Amino acid sequence: MSPSTPGADLPDHPDWLWRTPEPKRSYDVVIVGGGGHGLATAHYLAKNHGVTNVAVLEKGWLAGGNMARNTTIIRSNYLWDESAGIYEHALGLWENLEEELDYPILFSQRGVLNLAHSLQDVRDSVRRVEANRLNGVDAEWLDAEQVEEVCPIVNISPDVRYPVLGGTYQPRAGIAKHDYVAWGFARSADAAGIDIIQNCEVTGLDVVGGRVVGVRTTLGPIAAGKVALCSAGHTSVLAAMAGIELPLQSHPLQALVSELLEPVHPTVVMSNAVHVYVSQAHKGELVMGAGIDAYNSYTQRGAFHIIEEQMSAALELFPVFARAHVLRTWGGIVDVSPDASPIVGLTPVDNLYLNCGWGTGGFKATPGVGWVYAHTIAHDTPHPLNAPFSLDRFTTGALVDEHGAAAVAH
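What comes next is a walk through the structure. (Residues numbered from 1 in each chain as written. Predicted model: local features only at pLDDT ≥ 70, side-chain atom pairs only at ≥ 80, totals over all residues. Heavy atoms only, no water.)

Side note on the nonpolar core
Item 1. With 56 residues, the main nonpolar core has Ile31, Leu39, Leu45, Leu62, Trp94, Val181 and Phe185 as its most contacted residues.
Item 2. Not counting the four nearest positions on each side in its chain, tryptophan 94 is found in contact with Ile74, Ile105, Phe107, Ala176, Val181, Phe363, Lys364, Thr366 and Pro367. (Core = buried A, V, L, I, M, F, W, Y, C linked by side-chain atoms within 4.5 Å. Buried < 20%, exposed > 50% of the residue type's maximum accessible area, 1.4 Å probe, protein only. Contact = heavy atoms within 4.5 Å.)

Thoughts on the pairing of strand β17 (residues 343-346)
Consecutive residues of a regular strand have side chains that alternate between opposite faces of the sheet.
Item 1. Relative to strand β18 (residues 352-356), β17 runs antiparallel, the two sharing 4 bridges. Following the sheet pairing, isoleucine 343 is matched in β18 by cysteine 356.
Item 2. Counting the residues between successive antiparallel strands, the hairpin from β17 to β18 contains 5 residues, one of them, asparagine 351, with a positive phi of roughly 65°. (Pairing = 2+ DSSP bridges. Helix = DSSP H or I, 4+ residues; strand = E, 2+ residues; numbered from the N terminus.)

Side note on the pairing of strand β11 (residues 220-229)
Item 1. Taken across its 10 residues, β11 has 7 buried, putting it largely inside the fold.
Item 2. Where strand β1 (residues 26-32) lies against β11, 6 bridges are found, and the strand directions are parallel. Across the sheet, residue isoleucine 31 finds its bridge partner in β11, namely alanine 228.
Item 3. Here 4 bridges tie strand β10 (residues 211-217) to β11, and the two strands are oriented antiparallel to one another. Bridge pairing links valine 215 to isoleucine 222 in β11.
Item 4. Connecting β10 to the antiparallel partner β11 that follows it, the hairpin turn spans 2 residues.
Item 5. Pairing analysis gives 3 bridges linking β11 to β18, with the strands arranged parallel.

Overview of the packing of helix α1 (residues 36-49) against helix α6 (residues 178-191)
Item 1. Here α1 crosses α6 at 35°, and the two axes come no closer than 8 Å. Classified by chirality, the crossing of α6 by α1 is left-handed. Across the interface between the two elements, Leu39, Ala40, Ala42, His43 and Tyr44 from α1 touch Ala182, Phe185, Ala186, Ser188 and Ala189 from α6.
Item 2. Its residues placed into classes, the contact of α1 with α6 shows 8 nonpolar, 2 polar and no charged. (Axes fitted to C-alpha atoms, helices over the stretch in contact; angles between N-to-C directions. Left-handed = near helix turned anticlockwise from the far one by under 90°. Nonpolar A, V, L, I, M, F, W, Y, C, P; charged D, E, K, R; others polar.)

Rendered as structure tokens:
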């Protein structure tokens, strides 16, 4: 059985992956946030720019935030040119990441289906397919029968509340093992001499004359030539320490997995109308999610009615799952921007950088944003792929509105 197939044996790991150093008193770059984006940024600072006097500070355990709490969907079929650019760059990196890191990540290109249930859904979906093709992104429009060919367990009966009229399909999309991805990046960064420091919470930013010069932490002050914020739902809290108010709202986002099942679900299926997405993980559990809880919160849990609604939606699409049992649920904290697109770039404070606002879609961008964020930090100027996602677009009005293509949550 292929390691990309549900139920496959998972690979062994080395005895150790990274050091546990004491923080130095000074670094060229301090990255605040030890999740996937922070670790990928550290990796590419070393690999692409030769910058290794770097610390990655994580207030808890490495990759214990959204990186450990997401549902691992990877795709690049976004509507606007700017989004397609950065997500397709990320997907290209995903396709070779296991070799680059010399570490298993179980990247499985099983494809992603986005279903259409109304004539307006069909119009929007076909428009997105054509936009994807113009940007060199693999995308297809499938009718209901073709949807069933890709995923035979989807209910395409016309006698349901939301009949499946078709869907978009990206064959190169898929999933990866999120913790393996984090460990692979951490191992690579550590091998380059970068310090990964866990249980080190940043409690303040030192700004002198409009320039950041260091951070205050629970392990003492650390001087820094540059500081890169990369902490998802808490980035707005950190930015406020430097007097920057970000246009972000933090919400809980829930997901769940079923008990282990034999391989039955060959792809990833998403639906805005019934509001659920479903895939099957490598070990065999069904992985399901939906949208954010409506209220603002920093708690990593959500309301029970969200779980009830997504279960109802899943059974609408997949009656075969009616007797499956929920094994566990969990939540994370997502940072949502007004246009459902990220903020990656410079700030009004010199040498302070932002990577935030990814909402529910940050995992799929992990290697791509690490690449462009490292460029931005190393050169103090945005990479062309993240230049459209600057903070000042919320004053210029040059928004990148991806509410539609962001789909149910991913």
